[in-house]
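# Per-entry structural report
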Amino acid sequence: MKRKILGVFVTVMFGCMVLSGCKKNVGTPEDNAVVENEDEQAQDTETSEGHTFGYSCIDIYNPYYDVVKESIRGELEAKGDTLVVKNPDGDVNKQIQQIQEMIDEGVDAVFLAPVDWEAIKPALEALDEADIPVINVDTQVKDTDLTAAYIGSDNKNAGAVCGENLKTQCPDGGKVVLLECPSQNSVNERITGFEEAIKNAGFEVVARADAGGTKESAKEKMAQILAENPQVDAVMCGNDQMALGALQAAKEAGKSSLKIYGVDGSPEMKSELTDEKSMIAGTGAQSPINVGKQAAKIGEAILNDEDYEKTTYIDTFFIGKDNVEMYGTNGWQ
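Notes on the structure follow. The model shown is predicted, which means the values in this text are computed figures rather than measured ones. (Residues numbered from 1 in each chain as written. Predicted model: local features only at pLDDT ≥ 70, side-chain atom pairs only at ≥ 80, totals over all residues. Heavy atoms only, no water.)

We now examine the overall build of the protein. Scanning the protein from terminus to terminus reveals 9 helices and 12 strands. For the protein, the residues scored as buried account for 56% of the 333 residues in total. Considering only intrachain contacts with a sequence separation of at least 6, the fraction spanning at least 24 residues in the protein is 74%. Accessible surface computed for the protein: about 14100 Å², of which carbon and sulfur atoms make up 45%. (Helix = DSSP H or I, 4+ residues; strand = E, 2+ residues; numbered from the N terminus. Buried < 20%, exposed > 50% of the residue type's maximum accessible area, 1.4 Å probe, protein only. Contact = heavy atoms within 4.5 Å. Areas by Shrake-Rupley, 256 points an atom, 1.4 Å probe, with all protein chains shown as cover.)

And the structure:
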């Protein structure tokens with residue numbers, strides 16, 4: 001495996017948020033760091049004997065991926081390793097270009113959450129040609145033979161637990177909207193899990209839309225759907241950002257009784273759940289802290305020629321209004 005002497009990174013110090021008292025570990029203040037710049041580049045000032053890893057996610061401004069990044073960084077720096085971060089801003093072509101930059105810079109391995117699970121293939125092939133292993137994180141690539149390992153949440157279960165809750169909330173069924181993102185396999189699995197859970201329970205999917213995984217797009221798509229379908233009972237969203245966008249659209253449309261679900265377990269989503277009047281009904285919670293820690297450990301094992309698990313799934317579970325106080329609202333679980 002290629003090794004290269006690199007300089008010490010000039011890193012940005014992140015603001016800390018004080019955790020409220022809660023019954024379960026929701027992480028440390030560092031796990032909720034604020035993103036202050038897109039890319040973090042190396043400075044050739046002093047030498048380091050550790051490994052250099054690259055990190056490329058869908059969008060670093062999504063709080064989930066920022067927490068994954070910080071969790072990975074903490075584990076790596078404890079081992080004397082460094083992390084090069086690139087932000088593609090949800091653009092797969094930019095992600096492919098930035099991964100080539102990482103190859104040219106001589107990284108030893110790359111943590112990757114692809115913007116598009118199929119279109120990312122050229123970058124995977126370039127990494128394979130350069131003999132740089134890929135630790136696939138969160139959303140799985142289609143060409144799994146070009147990755148060394150996958151670490152992610154049990155996404156199908158994350159959607160299923162939302163569907164199971166909806167059945168208890170609407171025992172007679174109802175009309176459902178799905179906000180998805182077909183280019184992200186993790187979202188596909190969540191929507192599949194949800195649909196399987198509500199099958200044969202009296203629910204009708206009246207509309208579904210590709211909301212691109214973002215709050216802004218979800219708000220726009222949901223507004224259009226509500227204009228065409230005034231009678232909607234529930235909305236299942238592929239992540240919390242889309243759920244929060246759907247919430248804004250529903251409020252602006254004068255709705256008050258929708259049941260909106262997401263996946264992530266983000267602090268903002270949990271804060272909504274503490275409001276009994278909020279239309280946010282629940283979230284299939286993930287743990288980006290544990291995803292990052294496991295990814296870092298496996299990345300280290302790969303470069304050190306140690307045994308490791310090819311596929312690792314981190315547990316997901318439901319957080320709703322009746323149990324949100326167990327998890328707190330200022331941090332991630």
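Topologically, Tyr 150 is positioned in strand E5 (residues 149-153). For Tyr 150, a relative accessible area of 3% corresponds to the buried category. Each C-alpha atom, one on Tyr 150 and one on Leu 112, is 9.4 Å from the other, the two residues being 38 residues apart in sequence. Aside from chain neighbours lying at most four places away, what touches Tyr 150 is Asn 136, Val 137, Asp 138, Thr 139, Gln 140, Asn 155, Lys 310, Thr 311, Thr 312 and Tyr 313. Here the side chain of Tyr 150 touches Asp 138 through a polar contact of 2.7 Å, landing on its backbone oxygen. (Polar contact = N/O pair within 3.5 Å; in protein donor to acceptor, adjacent residues only side chain to side chain.)

Applying the stated criterion to the full structure yields 6 aromatic pairs. Both rings, one in Tyr 64 and one in Tyr 65, keep their centres 5.3 Å apart while their planes meet at 90°; by these two values the pair is edge-to-face. Residue Tyr 64 is classed as buried on the basis of its relative accessible area of 2%. The class for Tyr 65 is buried, based on a relative accessible area of 6%. Ring-pair connections join several aromatic residues into one group, and the members of that group are Tyr 64, Tyr 65 and Trp 332. (Phe/Tyr/Trp six-rings, centres within 6.5 Å; stacked < 30°, edge-to-face > 60°.)

Bringing the pairing of strand E4 (residues 134-137) into the picture now. Because side chains alternate across E4, one face comprises the buried residues Val 134 and Asn 136, and the other comprises Ile 135 and Val 137, equally buried. Judged from the 3 bridges that link them, strand E3 (residues 109-112) and E4 form a sheet pairing that is parallel. The partner of Phe 111 across the bridge, within E4, is Ile 135. Assessed by its sense of winding, the connection that carries the chain from E3 through helix H3 (residues 121-129) to E4 is right-handed. (Pairing = 2+ DSSP bridges. Right-handed = clockwise from strand over helix to strand, strands pointing away.)

Turning our eyes to something else, we now look at the environment of Asn 157. With respect to the helices and strands, the residue Asn 157 is situated in helix H4 (residues 155-169). Classification of Asn 157 by relative accessible area gives partly exposed; the value is 27%. Along the chain, Asn 157 and Thr 192 lie 35 residues apart, while their C-alpha atoms are 9.4 Å from each other. Not counting residues up to four positions away in its chain, the partners in contact with Asn 157 are Thr 316 and Phe 317.

Right, let's get into the pattern of salt bridges. Here the idea is simple: oppositely charged side chains can pair when their charged atoms come close. Following the criterion strictly, the structure yields 16 salt bridges and no others. A salt bridge links Lys 121 to Asp 143, with the nearest nitrogen and oxygen atoms 3.9 Å apart. Note that Lys 121 is positioned in helix H3 and Asp 143 in the loop between E4 and E5, a separation of 22 residues in sequence. For Asp 143, a relative accessible area of 18% puts it in the buried group. (Salt bridge = Lys/Arg side-chain N within 4 Å of Asp/Glu carboxyl O.)

By the criterion of burial, strand E10 (residues 280-285) is predominantly enclosed, with 6 of the 6 residues buried. In terms of strand pairing, strand E9 (residues 259-264) meets E10 through 5 bridges, oriented parallel. The partner of Val 263 across the bridge, within E10, is Gly 284. A crossover connection joins E9 to the parallel E10 through helix H8 (residues 267-273); in handedness this β-α-β unit is right-handed. Alignment of E10 against strand E12 (residues 317-320), held across 4 bridges, turns out to be antiparallel. Considered in E12, the bridge of Gly 282 is made with Gly 320.

Below, the discussion takes up the nonpolar core. One finds Leu 166, Leu 179, Met 222, Val 235, Leu 258 and Ile 260 to be the most contacted residues of the largest nonpolar core, which totals 48 residues. Considering every element that reaches this core, the biggest residue donor is helix H7 (residues 240-252), with 7 residues. Ile 260 has contacts with Val 235, Cys 237, Ala 243, Ala 246, Leu 247, Ala 250, Met 279, Ile 280, Ala 281 and Gly 282, leaving out every residue within four places of it along the chain. (Core = buried A, V, L, I, M, F, W, Y, C linked by side-chain atoms within 4.5 Å.)

Next up on the list: H3. Listed as buried for H3 are Ala 123, Leu 124 and Leu 127. Take H3 and look down its axis: the buried residues cluster within an arc of 100°, on one side only. At its buried positions, H3 is contacted by helix H2 (92-105), E3 and E4. Two residues or fewer after H3 comes Asp 131, characterised by a positive phi angle close to 60°. (Arc of directions from axis to C-beta.)

Right, let's get into the side chain of Asn 239. Following the sequence through the fold, Asn 239 ends up in the loop between strand E8 (234-237) and H7. From its side chain, Asn 239 meets the backbone oxygen of Gly 213 in a polar contact 3.0 Å long. The residues contacting Asn 239, other than those within four sequence positions of it, are Asn 62, Arg 190, Gly 213, Gly 262, Val 263 and Asp 264.

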